[in-house]
Structures are given as structure tokens and as C-alpha cells.
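# Commentary on secondary and tertiary structure
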Amino acid sequence: TCSLIANADPVESNFETNTDLLNHMLTEADVPHVQRSVYRGYLREAKSRDTLVQFREVARRFSPALKGQLLMHVSRHWIGKIYYLAGAPEQCLMEIADSVDTQFYS
């Protein structure tokens, strides 16, 4: 059953693989336990960005209209917080949502 779950979610599978590799490296390098949680926390937080990257890859296959509508739906929480975009044409907002590149830093 674990392999079925891992195959169903490539982001989760990648996270598990990276976590296993990190744990092995941390043990081999004798990294203090207090610092280990920082590195593991980074991997947990990066999983959200990895999900978004995978989503964008899937959305890229859609027609421009479908992709724009879908990106607008998943981006509405941050687009709504940008006051100067209030009242902007939907096509403009779709293009902005499509062109934003998320970055993740520790």
C-alpha cells in the first residue's frame, strides 16, 4: 500500500526520498540534533512549493483559457491582497498569475 500512495503523489514521494537521504547524511555527518530539525523543516516547507511547480506543469498542457481560469482560481488568495490589481481586467490577472515565478529560500 505504501508504494501505491507514493506513486499517487510524486511530490510526497520526492519528499520522502529527500527526507531519507537528509536523515542519512545528518547521521553520517554527526550534525547536532538541534540543527537537524531546521533542515527537516526546510524540506517540509519546500513541499508546498514543489506541489505548485507540479501543478503548473500539469496546467501548462491546458488551453490558454482553461489554464488562465485554473491559475486564477488557485491564485485568488494572493491576487486579492494586491490592492492596485483590484478592478484589473481578468485577462490581465490571468497573465500575471501565469507569469509569477515562486521562489523558496531558507
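Residues numbered from 1 in each chain as written. Predicted model: local features only at pLDDT ≥ 70, side-chain atom pairs only at ≥ 80, totals over all residues. Heavy atoms only, no water.

### Things to note about the confidence of the model for the chain
- Of the residues in the chain, 92% reach a pLDDT of 70 or more, and the chain-wide mean stands at 86.
- Element-level mean pLDDT values for the chain span from 58 in helix 1 (residues 2-8) up to 93 in helix 2 (residues 10-28). (pLDDT = per-residue confidence, 0-100. Helix = DSSP H or I, 4+ residues; strand = E, 2+ residues; numbered from the N terminus.)

### Describing a nonpolar patch on the surface
- A surface patch of nonpolar side chains, amounting to about 260 Å² of accessible area, comprises V58, F62 and L66.
- Following the sequence through the fold, V58 ends up in helix 3 (residues 33-59).
- For V58, a relative accessible area of 40% gives the class partly exposed. (Patch = residues over 30% accessible without salt bridge, like charges linked within 9 Å, V, L, I, M, F, W, Y side chains within 5 Å. Areas by Shrake-Rupley, 256 points an atom, 1.4 Å probe, with all protein chains shown as cover. Salt bridge = Lys/Arg side-chain N within 4 Å of Asp/Glu carboxyl O. Buried < 20%, exposed > 50% of the residue type's maximum accessible area, 1.4 Å probe, protein only.)

### Thoughts on unusual backbone geometry
- In this structure, D30 is a non-glycine residue whose phi angle is positive, near 55°.
- For D30, the position within the fold is in the loop between helix 2 and helix 3.

### Side note on the pattern of salt bridges
- Within the structure shown, the criterion is met by three salt bridges.
- Residue R60 pairs with E57 through a salt bridge whose shortest N-O separation is 3.6 Å.
- Taking relative accessible area as the criterion, R60 reaches 57% and is therefore assigned exposed.
- We classify E57 as partly exposed; its relative accessible area is 39%.
- A salt bridge links D98 to K67, with the nearest nitrogen and oxygen atoms 3.1 Å apart. Of the two residues, D98 is situated in helix 5 (residues 90-99) and K67 in helix 4 (residues 64-79); the sequence distance between them amounts to 31 residues.
- When its relative accessible area of 18% is taken as the criterion, K67 is described as buried.

### Considerations on the nonpolar core
- Of all hydrophobic cores here, the largest spans seven residues; its members are L71, M72, I79, L85, L93, M94 and A97.
- Where this core is concerned, the elements lending two or more residues are helix 4 and helix 5.
- Not counting residues within four places of it along the chain, the set of residues in contact with L85 comprises I79, L93 and I96.
- With five residues, the next largest nonpolar core counts F15, L22, V31 and L43 among its residues. (Core = buried A, V, L, I, M, F, W, Y, C linked by side-chain atoms within 4.5 Å. Contact = heavy atoms within 4.5 Å.)

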